[in-house]
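Here's the letter readout for the chains.
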Amino acid sequence: QPHAAVAHAAHAAHAAAAAAAGLERLDVLLHRAEALLELLELAAQVINKPCYHQLRTTEQLGYIVFSGLRCELGVVGLRVLVQSSEVDAATLDARIEAFLLSVPDLICEMPEAEFDNHRQALIDAKLETDKKLRQESSRYWAEIPLGTLDFERAKADAEALRSCTKPQLAAFWAEYLQVGGAQ
């Protein structure tokens with residue numbers, strides 16, 4: 001059955017090529033997801049102080065105002081939290097949404113030097129050495145439940161952040177975070 005053996009070998013080669021192509025696509029998707037996460041972290045860095053200034057200092061909506069990343073069961077997102085005993089939830093939500101709608105202008109009008117400072121602050125935070133064993137073990141344990149086991153993630157993330165640009169951040173915000181964005 002030489003034809004069967006050739007056909008089987010051809011099928012096996014095709015299956016191996018398909019598996020390799022599938023792994024390449026998965027690798028591309030993983031790199032894309034990592035790039036999106038870096039842009040999300042940069043967005044959180046950029047809006048942190050303006051969010052606090054607008055919602056806490058200017059509008060005086062609540063006694064606790066916080067913006068930053070939230071990671072729950074491997075899902076990462078941007079959150080804005082305002083806690084108030086004076087203002088109802090609907091008003092808080094509307095004011096948070098109004099602030100978020102202002103972010104594209106904030107990014108666009110930000111001087112390049114200020115953007116560079118935000119990016120460098122995030123890079124510096126990622127490259128900061130662990131000062132206590134607890135910090136180091138927490139960093140390792142953060143990888144284990146996700147199954148990624150990328151214990152050098154911070155270095156790779158910092159390197160990738162170096163190439164992030166203000167136009168990339170603006171496009172990311174428009175596509176993923178802006179109300180009515182594509183994603």
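About the thresholds
Residues numbered from 1 in each chain as written. Predicted model: local features only at pLDDT ≥ 70, side-chain atom pairs only at ≥ 80, totals over all residues. Heavy atoms only, no water. Helix = DSSP H or I, 4+ residues; strand = E, 2+ residues; numbered from the N terminus. Buried < 20%, exposed > 50% of the residue type's maximum accessible area, 1.4 Å probe, protein only. Contact = heavy atoms within 4.5 Å. Patch = residues over 30% accessible without salt bridge, like charges linked within 9 Å, V, L, I, M, F, W, Y side chains within 5 Å. Areas by Shrake-Rupley, 256 points an atom, 1.4 Å probe, with all protein chains shown as cover. Salt bridge = Lys/Arg side-chain N within 4 Å of Asp/Glu carboxyl O. Core = buried A, V, L, I, M, F, W, Y, C linked by side-chain atoms within 4.5 Å. Phe/Tyr/Trp six-rings, centres within 6.5 Å; stacked < 30°, edge-to-face > 60°. 1 Å grid on protein atoms, 1.4 Å probe; cavity = no way out; pocket = protein on both sides within 12 Å on 5 of 7 lines; lining within 4 Å. Points joined across faces, edges and corners; volume = space filled by probe spheres on them. Nonpolar A, V, L, I, M, F, W, Y, C, P; charged D, E, K, R; others polar.

Asker: Would you mind going over the overall build of the protein in detail, with residue names and values included?
Answerer: Each helix and strand counted, the protein has six helices and two strands in total. The secondary structure elements of the protein, listed N-terminal to C-terminal, are α-β-β-α-α-α-α-α. With 183 residues in all, the protein has 23% of them scored as buried. Contacts spanning at least 24 positions in sequence make up 63% of the contacts within the protein whose residues lie at least 6 apart.

Asker: Describe unusual backbone geometry, and please don't skip the residues or the numbers.
Answerer: You will see that glutamine 60, though not glycine, has its phi angle at about 50 degrees, which is positive. Take glutamine 60: it is sitting in the loop between α1 (2-58) and β1 (64-72). Overall, the relative accessible area of 60% leaves glutamine 60 in the exposed class.

Asker: Which residues make up a nonpolar patch on the surface, and what values do they have?
Answerer: A grouping of Tyr140, Trp141, Ile144, Leu149 and Phe151 is seen on the molecular surface, where their side chains present a nonpolar patch of about 490 Å² in accessible area. Here isoleucine 144 shows up in the loop between α4 (133-143) and α5 (153-161).

Asker: Explain the nonpolar core to me, and be specific about the residues and the numbers.
Answerer: Among the nonpolar cores identified, the biggest contains 29 residues, and Leu55, Val82, Phe99, Leu169 and Trp173 are the most heavily contacted of them. Beyond its immediate sequence surroundings of up to four residues, leucine 169 is in contact with Leu39, Leu42, Ala43, Val46, Ile107 and Phe115.

Asker: Before we move on, could you go through the packing of aromatic side chains and cite the residues and values that matter?
Answerer: Taken as a whole, this structure holds two aromatic pairs when the rule is applied. Between tyrosine 140 and phenylalanine 151, the ring centres sit 5.1 Å apart and the planes meet at 85 degrees, which makes this aromatic pair edge-to-face. On the criterion of sequence distance, the pair formed by tyrosine 140 in helix α4 and phenylalanine 151 in the loop between α4 and α5 is long-range, its members being eleven residues apart.

Asker: I'd like to hear about the layout of surface pockets, residue by residue, with values.
Answerer: When its volume is computed, the largest pocket comes out at roughly 1,300 Å³. Sorting the residues of the lining of the largest pocket by element identifies α1, β1, β2 (75-83), α3 (112-127), α4 and α5 as the ones contributing at least two each. Looking at which element gives the most residues to the lining of the largest pocket, the answer is α1, with seven residues. Grouping the constituent residues of the lining of the largest pocket by class yields 19 nonpolar, six polar and 13 charged.

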